[in-house]
Amino acid sequence: MSLLRLEALSKRFGEHWALKEIDFDLEEGEIVGLVGPNGAGKTTLFNLITGRHKPSSGRVWFEGKDITFYRPHEIQRYGISRTFQSSRPFARMRVLENVVVGRIFSGKFHLFPHTEDTNMARQLLELVGLAHKEDALAGELTLSERRRLDLARALATEPKLLLLDEVVAGFSPLAVKQAAELVQRARERGVTLFIVDHFMSLSLTVSDRLLALDHGEKIAEGKPQEVMRNRKVIRAYLGTRHDDEAQSAER
Amino acid sequence: MTREQPTSAPMKHLPLAHMVLLLGLAILLALPLLSGGNDYILQVFTHALLLAILALAWNILAISGSISLGHAAFFGVGAYTSGLLSLESGVSPWATIPLAGFAAAVIALGVWLFCRRLRGAYFALATLAFVEIPRVLTDNWDGLTRGSLGLVGLPGLPALRFGSHYFDIGASSVGSYYFVLVYGLLLLAIVTLILRSNLGLALQAIREEETAAASLGIQVQGYRLLALLLSASLSGITGACYAHLVRYIEPGMVYGLHFSATPVIFAICGGRFTIVGPALAALLLYPLDQFVFHPLLPAGHEFLYGAVIILAILFLPSGFWGQLRKGQFVSIKTGSIE
Amino acid sequence: MWTTVLVSGITLGSFYTLVALGFALIFGVTHTFNLAHGELIVFAGYVAYWMWKTYGVSLLLTFPAAILATLVLCLILQRLFSRLREPMEMNSIVLSFGLAILLQNGMLFFFSGDYRLIRVPLLNQRIHLPGLSLSYGQFTLLTISLLVLALTYVLLHHTYLGKALRATIQDRESAALAGINVRGMGILAFAIGAVLIGLAGPLFGSIHYLYPTAGLQATLIAVTITIFAGVGQIRTLILGGWILGFAESCTVVLLGASWRELVSAIMLLTLLALRPHGILGREEQ
């Protein structure tokens, strides 16, 4: 049984179909990259999985359970966490507190933060390289630091599946490399990862498999090298002319 | 400023702030002595404490991200519930005051009915409108509430008896003052506990980024409602205390701008992201208004409140105490509580 | 009796639309709420009252003074608003809330809490038409309101400035890209708003008692009608005003005058409950 199963997922906004009949299986322990040009429906897919939007049709299965219509906070209880495309730190709270918030509803609910929770939060801050900024206000962090905080916060919930939405957008190549290491470390902690990555700088290096979308449809699925050579994928990103060139180069 | 050890760095700021607070507390405790038998001074500070308490209660809701411009709805309902019950049935105010809190919570459910999907400015506007409902109802329902004439001759707070000791509350200015002071410290303790708990963290998270909070498992609507109910019932209890302290209430007063506007002003000027900020602002501004501006301008002395809030929102949005404690906002102690 | 209600509803409603128009315009262009709107109207009323009482000026001639005084205040308010940071909607509410308190106390200081009225005996006389009768006061209210609304409509739809204003209301960013001075539009909106307020004030002061706290009702009415209409047409504002006016008149007849204040509050709450994303929510679809 796959960890996450998407069954004929579709979403319509008015006249516009954001997602059409998406079928996909995600296995435990995998890192899967979700790729595709702007407007392909990547974030919408995440929103459907995490309950921010209801699908127009289709189902989402997690560990065999139908979670299609669950609300975001319920989804989290089942073990799915996410980060957002535009980083959303709790700006007027301190960095450490941001991560501790992730602990509140994971495991047993305590009235007051327990030492284990703050310790784990500190551990995660170390993991993402923010330990020295524990007392800073989250609003004062740089972009790269915020995204790392998002990651730490999401990891604090001890998810089984973590959805990362454009976590390296705007990063320098070095920062992307560091993010790749973080993703690997997350996997080592037993987290399955589903990563949205528009420019593919991250997904190509860390993913076991890729799922490619364009205009709401699945156009390719498989190993990164295969997907990258797929004609439809090239066409989607670069346009028909480049595809023609690629074709003639192949001959 | 360098921080070598995250845990100890905040300590550098704490002593000054704590000393200021302790000094303030000492003054408040010794006020009856310091005022040398001047009842007027005591009464002003009693009212200031009541406003401080109301501001603290208001802030519980604000911590969750909802700014209410009509909190007098809860205050007034509490005042009228306790007043009417004790007047009609002869039951002791000590029993009717908690009931007032309950009544205010019921009213809060009414607010929730209209406002639960509202955020920010629209929530504020809705509360501005909502307070008109209990006000007009109370004003017009003569049969129940004596209408715009108000309730006269409300029972004062009865004295408390502990064994052979007898404490005058309502009957003496000093008794009333200490009662409100103790109530205030109690409320401060409650607010501190709430805000330093996981509930407080959840509420702040909701205020900051609702969607992210939900994705971390926080039941946003549930917690917002909880904050509203807590804030409302505490405001209602405060209204009831007010009723039995001044022993006369009328709709225009208890549902009026004074009790709707002052918590907003004190919380924002003091610091709505802090615990004590709202109370401090109340204890500084209200006496300032009464002792300095009221004699100068018998009509219009409350302009002060308008002026300070304008200055605060333009230049010091985190409040004077918030600014002082910048970076030390309401938070868990880094050492955490077991 | 129902004709009385109808007449009352339409005259009152048209006046309410006049009251709301300035508020709606300012909000549409600058995305700020001016909670001191009502107090500004009362202030304009007091200025007119003062001119009438102290200098014996006739009601009609008080308008320019009232407008001028309001213009000054509104432009100050605009400067203050322009210093605010995001979220504009919430911050403007708090700032204008403070201003409302300032104005109330200022008026209390200068005019005391006594009820004031600009007495124009002519306004109480009644006009008798077949089927209905109304007072000159109601007639004046109705005609001036509709006239001003029509003029504003012409301004917005048949002048270049009006087009620029409407463009800014629809989409500030695109308007800026099209070369429109968005900041200037904001100032213009406040200026037009001030004129509308300055007209409404003396009218208000001649048909209704002036007292320092009379503003809240006017603000509530403005907010209610604005939210009803959304960022829409003057037509919709008029519809909203008439509905409110009619509802209030019915309430006065059925329940009594003291219940009138509840009507706008309940209408606003219902509107917000049905439309939680407020005025701009619909556009985001």
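Preceding block: the structure.
Counting from 1, residues in each chain are numbered in the order their sequence is written. The lettering of chains begins at A and the numbering of ligands begins at 1, in the order of writing. Note on the predicted model: pLDDT of at least 70 is required for a residue's local features to be given, and 80 or more for side-chain atom pairs to be given and counted; whole-chain, interface and lining totals, by contrast, use all residues.

*Asks:* An account of the nonpolar core is needed here, citing residue identities and associated values.
*Replies:* With 280 residues, the main nonpolar core has A126(B) and A282(B) as its most contacted residues. Whether two residues are in contact depends on their C-beta atoms, placed from the backbone: they are in contact if these lie within 7 Å. For A282(B), the residues in contact, after removing those within four places along its chain, are A48(B), L51(B), A52(B), A55(B) and F266(B). Note on terminology: a nonpolar core is any set of buried Ala, Val, Leu, Ile, Met, Phe, Trp, Tyr and Cys residues joined through C-beta atoms within 7 Å. Neighbour density around each residue's C-beta defines its exposure: 20 or more other C-beta atoms within 10 Å make it buried, 12 or fewer make it exposed, and counts between make it partly exposed, where C-beta atoms are placed from the backbone.

*Asks:* How would you explain the pairing of strand β2 (residues 132-135) of chain C if you had to name every residue and give the values?
*Replies:* Residues and elements named next belong to chain C. Should DSSP find at least two bridges between two strands, the strands are regarded as paired. Secondary structure counts use DSSP, requiring at least four H or I residues in a row for a helix and at least two E residues in a row for a strand, with both numbered from the N terminus. One ladder, built from four bridges, connects strand β1 (residues 126-129) with β2; its direction is antiparallel. Within β2, the position partnered with H128 by the bridge is S133. With antiparallel pairing between neighbouring strands as the criterion, β1 and β2 make up a hairpin whose turn holds two residues, including G131 at a positive phi of roughly 95°.

*Asks:* So what's going on with unusual backbone geometry? Residues and values would help.
*Replies:* Residue P87(C) is reached from E86(C) by a cis peptide bond, and omega for that bond is -5°. Locating P87(C) in the fold gives a position in the loop between α3 (59-82) and α4 (88-111). Here R146(B), not a glycine, exhibits a phi torsion of approximately 65°, which is positive. Positive phi values are uncommon outside glycine, yet H31(C) reaches one of about 60°. Under the C-beta neighbour-count criterion, H31(C) is labelled buried, with 20 such atoms within 10 Å.

*Asks:* Any chance you could break down the interface of chain C and chain B for me, citing the residues and the numbers?
*Replies:* On the side of chain B, 32 residues touch chain C, which itself brings 33 residues to the contact. Among the elements of the structure, α4, α10 (215-229) and α12 (260-274) of chain C are those that each provide at least two residues to the side of chain C that touches chain B. Among the elements that line the side of chain C that touches chain B, the one with the most residues is α4(C), at 15 residues. All amino acids are sorted into three groups, where Ala, Val, Leu, Ile, Met, Phe, Trp, Tyr, Cys and Pro are nonpolar, Asp, Glu, Lys and Arg are charged, and the leftover types, Gly among them, are polar. Split into classes, the residues belonging to the side of chain C that touches chain B amount to 23 nonpolar, seven polar and three charged.

*Asks:* An account of the interface of chain B and chain A is requested, with residue identities and associated values reported.
*Replies:* Facing the 29 residues of chain B at the interface are 34 residues of chain A. Per-element tally for the side of chain B that touches chain A: the top contributor is helix α9 (residues 198-208) of chain B, with six residues. Looking at side-chain class alone, the side of chain B that touches chain A contains 14 nonpolar, 11 polar and four charged residues.

*Asks:* Let's hear about the sheet that holds strand β1 (residues 4-13) of chain A: which residues, and what values?
*Replies:* Residue and element names in this part refer to chain A. The four strands lie next to each other as β2-β1-β4-β5, forming an open sheet whose pairing is antiparallel. Of all strands in the sheet, those bounded by a partner on one side alone are β2 (16-26) and β5 (65-66). One ladder, built from five bridges, connects β1 with strand β4 (residues 57-62); its direction is antiparallel. Each bridged residue has a counterpart across the sheet, and for E7 the counterpart in β4 is R59. To obtain an axis, a line is fitted to C-alpha atoms, over the contacting stretch when the element is a helix, and the angle between two such axes runs from 0 to 180 degrees between their N-to-C directions. Here helix α1 (residues 42-49) sits on the sheet and contacts β1, β2 and β4; the angle it forms with β2, its principal contact strand, is near 65°.

*Asks:* Outline the packing of helix α1 (residues 2-30) of chain C against helix α6 (residues 136-158) of chain C, supporting the account with residue identities and numerical values.
*Replies:* For any two helices packed against each other, the geometry is given by the interaxial angle and the distance between the axes. All names here are of chain C. The interhelical angle for the contact between α1 and α6, taken along N-to-C directions, is 40°, at an axis separation of 9 Å. If you check the angle between α1 and α6, you find them oblique. In terms of crossing hand, the pair formed by α1 and α6 is left-handed. Across the interface between the two elements, V7, I10, T11, S14, F15, T17, L18 and L21 of α1 pack against Q138, L141, L142, S145, L146, V148, L149 and T152 of α6. Taken together, the residues of the contact of α1 with α6 sort by class into 10 nonpolar, six polar and no charged. Oblique is the label for any angle not under 35 degrees, not over 145, and not in the 65 to 115 range, which are roughly parallel, roughly antiparallel and roughly perpendicular in turn. Take the far helix as the reference: if the near one is turned anticlockwise from it by less than a right angle, the crossing is left-handed, and if turned clockwise, right-handed.

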